[in-house]
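# Geometric and topological summary
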Amino acid sequence: MNTLLPTTVVGSYPQPGWLIDRAKLGSKVPRIREPEIWRVPAEFLAEAQDDATLVAIRDMERAGIDIVSDGEMRRESYSNRFATALEGVDIENPGKTVNRSGGFSVVPRIAGPIRRRGAVEVSDLLFLKKNTSRSCKITLPGPFTMTQQAQDDHYKDEEALAMAFAAAVNEEMKDLRNAGADVIQLDEPWLQARPDRAARYGVKAINRALEGVTGTTVVHLCFGYAAAVSSKPSGYSFLPQLADTAAVQISIEAAQPRLDLAVLRELKNKTVMLGVIDLGTEQVETPEAVAERIRAGLKVVSPERLVLAPDCGMKYLTREAAFGKLRALAEGAAIVRRELRG
């Protein structure tokens, strides 16, 4: 792995059209299980997901990415695979919540105490490790975000629910670390969407999830998938607070919203995973354009504290665009590495 300006992915990669019905997926982000999205019959689905995972791994390797994921090929969304596997979550009789755009989303209903029945993603990680020699990353939905994506009919207390989710996430993270995960990331996009609630218990829940977890841990913050959120602010309503988390790295979306990177100075004790690939367009950046975004990051973050990535997951792009953007990421990073080494 490149130890200077390493490149990685946020998590997801486009699922092949033979695996999912992209028209049925559309721009929505499923909260409950939506089996109708899959094109492959149930008895062949696991094998097909393995094959799609190999495609994603090889694309990341060919593009030159240093720290690879499994592309989240087995997931209908970044969060519902884990959230709906927990005891206490009723997915047969779902609820609803207000979503980020002000409408309503169908979500899991919390009907009892949240407990993890057993490992959810360890087999995904082991398959990834078996099929690449590169550093391996896996992602989990964060406890704050899962709380916002559920109807709570049991705890009747958001903070209590978040802490219960955090305990389940903590168990999963420890199992993933023991299974050899190099990087474990918590996806927490809802911190930005609901900053008042995040200020009350967001950091507390994240730190409970990270309690006793060693190695490289990341908290990812963004404004939402570009496919679902086209207009994005140029600043975060909740970011400096993440300096108080136990996470080693903070991952932020910066390219599409044209973020003022001065805010990164608030994270002076963290490594920053900087989004330098705009996912709001299928147009592939040139390596030089990516290099310019990296140079902007280096004005406020030292090279030893900078990791490079796309803004968010790439699930909603075409595979052609996603691969091209990852290759531009790797080549842009290589340009800046040469400059730094003189």
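Residues numbered from 1 in each chain as written. Predicted model: local features only at pLDDT ≥ 70, side-chain atom pairs only at ≥ 80, totals over all residues. Heavy atoms only, no water.

For any two helices packed against each other, one specifies the inter-axial angle together with the distance between the axes. Two elements in contact, helix α6 (residues 158-178) and helix α8 (residues 195-210), have axes separated by 7 Å at closest approach and are oriented at 25°. Relative to α8, the element α6 is oriented roughly parallel. The crossing of α6 and α8 is right-handed. Along the contact surface, α6 presents Glu158, Glu159, Ala162, Met163, Ala166, Ala167, Val169, Asn170 and Met173, while α8 presents Arg197, Arg200, Tyr201, Lys204, Ala205, Arg208, Ala209 and Leu210. Looking at side-chain class alone, the contact of α6 with α8 contains 10 nonpolar, 1 polar and 6 charged residues. (Axes fitted to C-alpha atoms, helices over the stretch in contact; angles between N-to-C directions. Helix = DSSP H or I, 4+ residues; strand = E, 2+ residues; numbered from the N terminus. Parallel < 35°, antiparallel > 145°, perpendicular 65-115°, else oblique. Left-handed = near helix turned anticlockwise from the far one by under 90°. Contact = heavy atoms within 4.5 Å. Nonpolar A, V, L, I, M, F, W, Y, C, P; charged D, E, K, R; others polar.)

It is worth spelling out the packing of aromatic side chains at this point. Scanning all chains against the criterion turns up 2 aromatic pairs. Taken together, a centroid distance of 5.3 Å and an interplanar angle of 45° make the contact between Phe144 and Tyr201 tilted. Taken together, the residues Phe144 in helix α5 (residues 143-148) and Tyr201 in helix α8 connect sequence positions 57 residues apart. By relative accessible area, which is 0% here, Phe144 ends up buried. The class of Tyr201 is buried, set by a relative accessible area of 1%. Their ring planes at 20° and their centres at 4.4 Å tell us that Phe223 and Tyr236 sit as a pair that is stacked. Remark: Tyr236 occurs in the loop between β7 (216-221) and β8 (249-252) and Phe223 occurs in the loop between β7 and β8; sequence separation between them is 13 residues. Across this residue pair, the class does not change: Phe223 and Tyr236 are buried. When the ring centre of Phe127 is taken as origin, the NZ or CZ atom of Arg74, which lies over that ring, is 5.1 Å away. Lying across the ring of Phe104, Lys96 places its NZ or CZ 4.8 Å from the centre. (Phe/Tyr/Trp six-rings, centres within 6.5 Å; stacked < 30°, edge-to-face > 60°. Buried < 20%, exposed > 50% of the residue type's maximum accessible area, 1.4 Å probe, protein only. Lys NZ or Arg CZ within 6 Å of the ring centre and 35° of its normal.)

Now for the pattern of salt bridges. Inspection of every chain in the model, using the stated rule, returns 28 salt bridges. We note a salt bridge from Glu76 to Arg33, for which the minimum N-O separation is 3.3 Å. Taken together, the residues Glu76 in the loop between β1 (67-68) and α3 (80-83) and Arg33 in the loop between α1 (22-25) and α2 (42-63) connect sequence positions 43 residues apart. We classify Arg33 as partly exposed; its relative accessible area is 35%. Of the charged contacts in the structure, one is a salt bridge between Arg208 and Glu211, with a shortest N-O distance of 3.9 Å. Owing to a relative accessible area of 46%, Glu211 belongs among the partly exposed residues under this scheme. Ionic contacts of the salt-bridge type, sharing partners, join the residues Asp50, Asp70, Arg74, Arg81 and Asp124 into one network. (Salt bridge = Lys/Arg side-chain N within 4 Å of Asp/Glu carboxyl O.)

Okay, the state of the cysteines next. Applying the stated criterion to the full structure yields 0 disulfides. Here Cys222 is not cross-linked by a disulfide; its sulfur's nearest cysteine counterpart is in Cys312, at 3.8 Å. A relative accessible area of 3% places Cys222 in the buried class. (Disulfide = S-S within 2.5 Å.)

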